[in-house]
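Each chain is listed here by its residues.
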Amino acid sequence: MRRALSLLLVVALGLAGCGEDKPGDKDGYTVGVANFLLSGPYFSGMDAAVAAQAKAKGNVKIISTDAGGDAAKLAANVEDLLSRNVDAIIISGGPLESAPAALNAIKAANKPVILVDRKFATGEYTSWIGPDNEAIGKQDGEFLAARVKGKVAIIKGGPADNSIGLARTNGVKSVLGTKADITLIEAPDFGNWGSDGGLTVMEGLLAKHPDLVAVFCENDAMCLGAQRAIAAAGKTGQIVLAGVDGQAEALKAILDGTNYVVTGLNSPNVIGKLALDRTVEVLGGAKVEKDTVVPSPQITKDNASQYL
């Protein structure tokens, strides 16, 4: 009898030991997504892609937050996510250049952090997934250089130290700035990454430079606004547009043969899915790349249907 009880105790202890999974192993993982802002279609699209990929995996719960463009709020949201004992955090920093408070809090909690799109200027992170923004700008510049001569305007998103926008513009300028038959005109005001901002800045450019032949915008949303201003001024047949991101409305405009002629794919859907996959890999103990550059193919009328 004593021997039987001993065997039962051993079996019970063994079963208890089997139940001692690492955090997240039994019921899945909980991943926090700290968004700097969700007001733009690019960032809301990325947030949705992370959630969709988590749903597809079936064992990942997402807690998403929106700082509304406030760095202090982002840090507070990260603290809240950590208090809810998430297994990892994905940060979509948008135009934020650095987030020391958020990254320091995550480091102190010994949690992995995956950065998407924006790689911060300072701070430690587990892994980053995003585009080569200068390369996208360069390929837009090469496309325009082969097709236009004259004044080419540049509409920037802002603020002045935004490294993503600077990289895109520097890519364009590295090509067009060397062409004797092209004059670059940088808009004095920022379009703030939105369609309405692009429209307003374009109106100002047209007032001072009615002889423009092309416009490069640091993202598609601003170019879509600029396209409206160009149409209102009756210059659709004169001015072509080049953007970045591969926003659906821009792809349709390109496919329809409008004066929107080229963009570079910076897909929030692709990056969001990869970010969730990377997070799960890290939580599973895998060794992953520190930095992963996502390809950004050029999109023109010839291939726009493939991406739309």
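All of these numbers come straight from a predicted model, not from anything done at the bench.

> Would you take a moment to explain the layout of surface pockets for this structure?
Over the atoms, a rolling probe the size of a water molecule traces out where space has been left empty. Roughly 650 Å³ of internal volume is contained in the largest pocket. If you go around the largest pocket, you meet 35 residues; those closest to its centre are P41, Y42, F43, N219 and D245. Of all the secondary structure elements, the ones that give two or more residues to the lining of the largest pocket are helix 2 (41-57), helix 6 (163-176), helix 9 (248-255) and helix 10 (268-283). Here the lining of the largest pocket gets four residues from one element, more than from any other, and that element is helix 2. A class-by-class count of the residues in the lining of the largest pocket yields 15 nonpolar, 16 polar and four charged.

> So what exactly am I meant to see when it comes to helix 4 (residues 100-108) here?
One turn of an α-helix holds 3.6 residues; hence residues three or four places apart share an orientation. Looking at helix 4, one finds that the buried residues are A102, L103, A105 and I106. Burial along helix 4 is one-sided: seen end-on, the buried residues are contained in an arc of 160°. Structural note: helix 4 exposes N104, K107 and A108 on the side pointing more than 90 degrees away from its buried face. Buried-residue contacts for helix 4 involve helix 3 (71-83), strand 3 (88-92) and strand 4 (113-116).

> Would you mind showing me how to read helix 3 here?
Between its first and last C-alpha atoms helix 3 spans 19 Å; for 13 residues at 1.5 Å apiece the expected length is 18 Å, and the two agree. Taken together, the buried positions of helix 3 are L74, A75, N77, V78, L81 and L82. The buried residues of helix 3 all sit within an arc of 160° when viewed along its axis, so they share a single face. Among the exposed residues of helix 3, those pointing more than 90 degrees away from its buried face are A72 and S83.

> Looking at this structure, I do not really get unusual backbone geometry. What am I missing?
Across the chain, the bulk of peptide bonds are trans and the bulk of non-glycine residues have phi less than zero. Here the bond from G158 into P159 is cis, since omega is -10°, no more than 30 degrees from zero. Along the polypeptide, P159 turns up in the loop between strand 6 (150-155) and helix 6. Notably, N110 is not glycine yet its phi reads approximately 60°, a positive angle. The residue N110 is located in the loop between helix 4 and strand 4 in this model. What makes N110 exposed here is its relative accessible area of 69%. One non-glycine residue with positive phi stands out, namely W193, at about 65°.

> Whenever I open this one, the sheet that holds strand 3 confuses me. Can you help?
Whether parallel or antiparallel, the strands of a sheet pair through hydrogen bonds between backbone atoms. One open sheet accounts for six strands, arranged 2-1-3-4-5-11; its pairing is parallel. Sheet topology places strand 2 (60-66) and strand 11 (291-294) at the edges, where each strand pairs with a single neighbour. Between one strand and the next, the sheet's axes are offset by a mean angle of 20°, whatever the strand orientation. One ladder, built from four bridges, connects strand 3 with strand 4; its direction is parallel. Within the sheet, the bridge partner assigned to I89 lies in strand 4 and is V113.

> What am I meant to see in the packing of aromatic side chains here?
In this description, a pair of aromatic rings is defined by centroid distance and the angle of the planes. Taken as a whole and assessed by the stated rule, the structure comprises one aromatic pair. When the centroid spacing of 5.3 Å and the interplanar angle of 85° are considered together, the rings of Y42 and F43 count as edge-to-face. Each member of the pair, Y42 together with F43, is buried. Over the face of the ring belonging to Y125 we find K290, whose NZ or CZ atom lies 4.2 Å from the ring centre.

> Please clarify how the packing of helix 3 against helix 4 should be interpreted in this entry.
Two quantities define a packed helix pair, namely the angle between the helix axes and the distance between the axes. Put simply, helix 3 and helix 4 touch, their axes get as near as 8 Å, and they point 15° apart. Put simply, helix 3 runs roughly parallel to helix 4. Pair helix 3 / helix 4 crosses with right-handed handedness. Taking contact as the criterion, the partners of A75, V78, E79 and L82 in helix 3 are, on helix 4, A101, A102, A105 and I106.

> Explanation requested: the nonpolar core in the structure shown.
As a rule of thumb, soluble globular proteins bury nonpolar side chains together. V78, I89, I90, I91 and L115 are the most contacted members of the largest nonpolar core, which has 44 residues in total. With six residues, helix 10 is the largest single contributor of residues to this core. Setting aside chain neighbours within four positions, we find V78 in contact with A34, I89, A102, A105 and I106. Ranked by size, the runner-up nonpolar core spans 28 residues in total, among them I185, L199, A250 and Y260.

Rules used in this analysis
Residues numbered from 1 in each chain as written. Predicted model: local features only at pLDDT ≥ 70, side-chain atom pairs only at ≥ 80, totals over all residues. Heavy atoms only, no water. 1 Å grid on protein atoms, 1.4 Å probe; cavity = no way out; pocket = protein on both sides within 12 Å on 5 of 7 lines; lining within 4 Å. Points joined across faces, edges and corners; volume = space filled by probe spheres on them. Helix = DSSP H or I, 4+ residues; strand = E, 2+ residues; numbered from the N terminus. Nonpolar A, V, L, I, M, F, W, Y, C, P; charged D, E, K, R; others polar. Buried < 20%, exposed > 50% of the residue type's maximum accessible area, 1.4 Å probe, protein only. Arc of directions from axis to C-beta. Contact = heavy atoms within 4.5 Å. Expected span 1.5 Å × (residues − 1). Pairing = 2+ DSSP bridges. Axes fitted to C-alpha atoms, helices over the stretch in contact; angles between N-to-C directions. Phe/Tyr/Trp six-rings, centres within 6.5 Å; stacked < 30°, edge-to-face > 60°. Lys NZ or Arg CZ within 6 Å of the ring centre and 35° of its normal. Parallel < 35°, antiparallel > 145°, perpendicular 65-115°, else oblique. Left-handed = near helix turned anticlockwise from the far one by under 90°. Core = buried A, V, L, I, M, F, W, Y, C linked by side-chain atoms within 4.5 Å.

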